[in-house]
Amino acid sequence: MHLPPKSIDHQYSHELKAMLDTMREGMLFISCKGFIWLCNQRVNHLLNKNLQERTNFKDFIEDNFFGFSLTKHLKNKTSPDTTLLTIASQKTRHLEIISNFVPLDTSSTSQREGLLIVVRDLTSAHLLQEELTRQERLESLGTLAASLAHEIRNPLTAIEGFAGLLRQDLKNNTQQLELVEHILEGARAIGYLITNMLDYAKPLQVQIKRTPLLQPLKDSVAMAIASKWCRSEDIHLTCKDDLKVSCDVQLLKSCLLNLIRNASEAKKCNQQQSIEIEAKTSADQNQVHICVKDQGIGIAEQDVEKIFSPFFTTKPAGTGLGLSQVDKMMRAQAGSVTVTSKQAGTSFTLILPSKHPFVCKKNI
């Protein structure tokens with residue numbers, strides 16, 4: 001194999017190479033002969049490859065790897081259009097590929113001409129756009145839900161009123177009275193759903209302050225036990241006495257109660273549910289993670305991405321608003337909620353800042 005002269009490979013200094021390795025963008029230069037003349041560490045990281053200088057690019061990547069023919073553009077000495085590339089590995093990356101044909105020295109041989117390829121990581125921007133789109137969709141859905149709820153509530157009140165009068169008139173007719181009770185039960189179920197819809201749509205009053213975390217956790221556990229969602233011996237709490245978090249305490253308690261109730265309902269048949277709640281700081285000390293873990297049946301893989309969407313539920317009697325409300329309350333506190341689920345159980349993690357840049361009171 002004919003390799004380009006080593007002197008060409010080392011035209012740039014060690015200092016320049018070191019500088020290129022610190023760049024956030026991936027840099028790759030392929031000469032007209034098809035040899036990799038330059039590649040920094042970042043490009044290998046982004047592409048999940050092991051490109052090496054003074055080797056032919058075909059030893060590492062396919063000709064159309066970037067969405068265009070490298071051979072064609074190197075032969076014609078043309079610049080490809082900017083393309084977008086998704087790399088699916090342990091972590092999916094969304095990349096922008098910017099390529100230009102560069103004659104590094106017009107008086108030299110074609111070994112100093114080639115394609116300069118810049119690889120930019122757009123993963124964060126892509127995820128942010130997805131999140132913005134999702135939030136816009138949720139806000140529109142919340143507005144529609146509130147409008148619908150108001151429209152339904154008036155005729156529902158009439159149904160309940162007339163059904164109540166029928167119940168009085170039919171108190172001696174057991175068979176027909178049972179039918180009326182079914183009407184009232186259905187009306188109450190719709191009323192409960194409407195209340196939840198309105199609660200989801202209305203603004204949250206948020207007051208954030210830095211507070212010790214242990215007491216709100218203990219209060220939430222005590223309320224869950226009092227509500228008979230779990231027994232005291234089946235719920236295990238781990239939290240350091242001095243751990244503090246910036247949050248709205250009441251909203252945090254609401255989130256925890258929702259997650260504890262879900263965990264208690266996730267048990268397998270004839271299984272006594274065990275729930276673990278663990279609070280700890282992140283590695284950089286900037287966040288507090290509160291994990292609520294059950295040992296239940298888990299969440300189907302196709303449902304994991306949907307569970308925070310309003311009205312999505314897999315429970316026969318569920319409204320599909322509990323987890324969407326948790327998501328809303330966490331975002332209102334500059335936090336978030338994540339989920340991981342396996343057949344051995346599900347873990348929800350509430351993520352909050354350990355120190356807030358300011359103490360605020362606002363409507364969300």
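The structure presented is a predicted model; accordingly, all values stated were derived computationally and were not measured.

**Observations concerning the packing of aromatic side chains**
What the rule picks out here adds up to four aromatic pairs. Measuring from centroid to centroid gives 6.1 Å for F66 and F68, while their planes differ by 20°, and the two rings are stacked. Under the relative-accessibility criterion, F66 is labelled buried at 1%. Of the aromatic side chains, those joined through ring pairs into one cluster are F65, F66 and F68.

**Here we look at helix α9 (residues 322-332)**
Each turn of an α-helix holds 3.6 residues, which means side chains three or four residues apart point in the same direction. Counted residue by residue, α9 has nine buried out of 11 residues, so it is predominantly covered. L323, S324, Q325, V326, D327, K328, M329, M330 and A332 are the residues of α9 that are buried. Phi for A334, located one or two positions after α9, is positive at around 65°.

**Section: the nonpolar core**
Among the nonpolar cores identified, the biggest contains 40 residues, and L213, L252, I275, I277, I290, F348 and L350 are the most heavily contacted of them. Residue assignment for this core shows that the elements contributing at least two residues are α7 (214-226), β9 (244-247), α8 (249-265), β10 (275-281), β11 (287-293), α9, β12 (336-342) and β13 (345-353). Among the elements that make up this core, the one with the highest residue count is α8 (eight residues). Here L350 is in contact with L252, C255, L256, L259, V288, H289, I290, V326, M330, S336 and V337, once residues within four sequence places are set aside. C39, L46, I61 and L85 belong to the second-largest nonpolar core, a separate cluster that totals 24 residues.

**Things to note about the sheet that holds strand β5 (residues 113-121)**
Strand order in the open sheet formed by five strands is β2-β1-β5-β4-β3, and the pairing between neighbours is antiparallel. Across the chains shown, the open sheet's two edge strands, defined by having one partner strand only, are β2 (36-39) and β3 (83-87). Looking at each pair of strands side by side, their axes are set apart by 25° on average, direction ignored. As paired elements, strand β1 (residues 26-31) and β5 share six bridges and run antiparallel to each other. The residue of β5 that forms the bridge with G26 is V119.

**Focus on the confidence of the model for the protein chain**
Keep in mind that low pLDDT regions are not for reading the predicted coordinates in detail. Per-residue pLDDT for the protein chain has a mean of 81; in total, 81% of the residues score no lower than 70. At the level of individual helices and strands, the protein chain shows its lowest average pLDDT in strand β14 (residues 361-363), which scores 44, and its highest in β11, which scores 94. Predicted confidence for residues 5-12 stays below pLDDT 50, and this span has 14 contacts to residues more than four positions away or in other chains.

**Observations concerning the side chain of T83**
Within the secondary structure, T83 sits in strand β3. Using a relative accessible area of 17% as the deciding quantity, one classes T83 as buried. Setting aside residues up to four positions removed in sequence, T83 forms contacts with F66, F68, L95, E96 and I97.

**Details of the environment of L116**
Positionally, L116 belongs in strand β5. By relative accessible area, which is 27% here, L116 ends up partly exposed. Here L116 is in contact with M27, L28, F29, I98, S99, N100 and V102, once residues within four sequence places are set aside.

About the cut-offs
- Residues numbered from 1 in each chain as written.
- Predicted model: local features only at pLDDT ≥ 70, side-chain atom pairs only at ≥ 80, totals over all residues.
- Heavy atoms only, no water.
- Phe/Tyr/Trp six-rings, centres within 6.5 Å; stacked < 30°, edge-to-face > 60°.
- Buried < 20%, exposed > 50% of the residue type's maximum accessible area, 1.4 Å probe, protein only.
- Helix = DSSP H or I, 4+ residues; strand = E, 2+ residues; numbered from the N terminus.
- Core = buried A, V, L, I, M, F, W, Y, C linked by side-chain atoms within 4.5 Å.
- Contact = heavy atoms within 4.5 Å.
- Pairing = 2+ DSSP bridges.
- Axes fitted to C-alpha atoms, helices over the stretch in contact; angles between N-to-C directions.
- pLDDT = per-residue confidence, 0-100.

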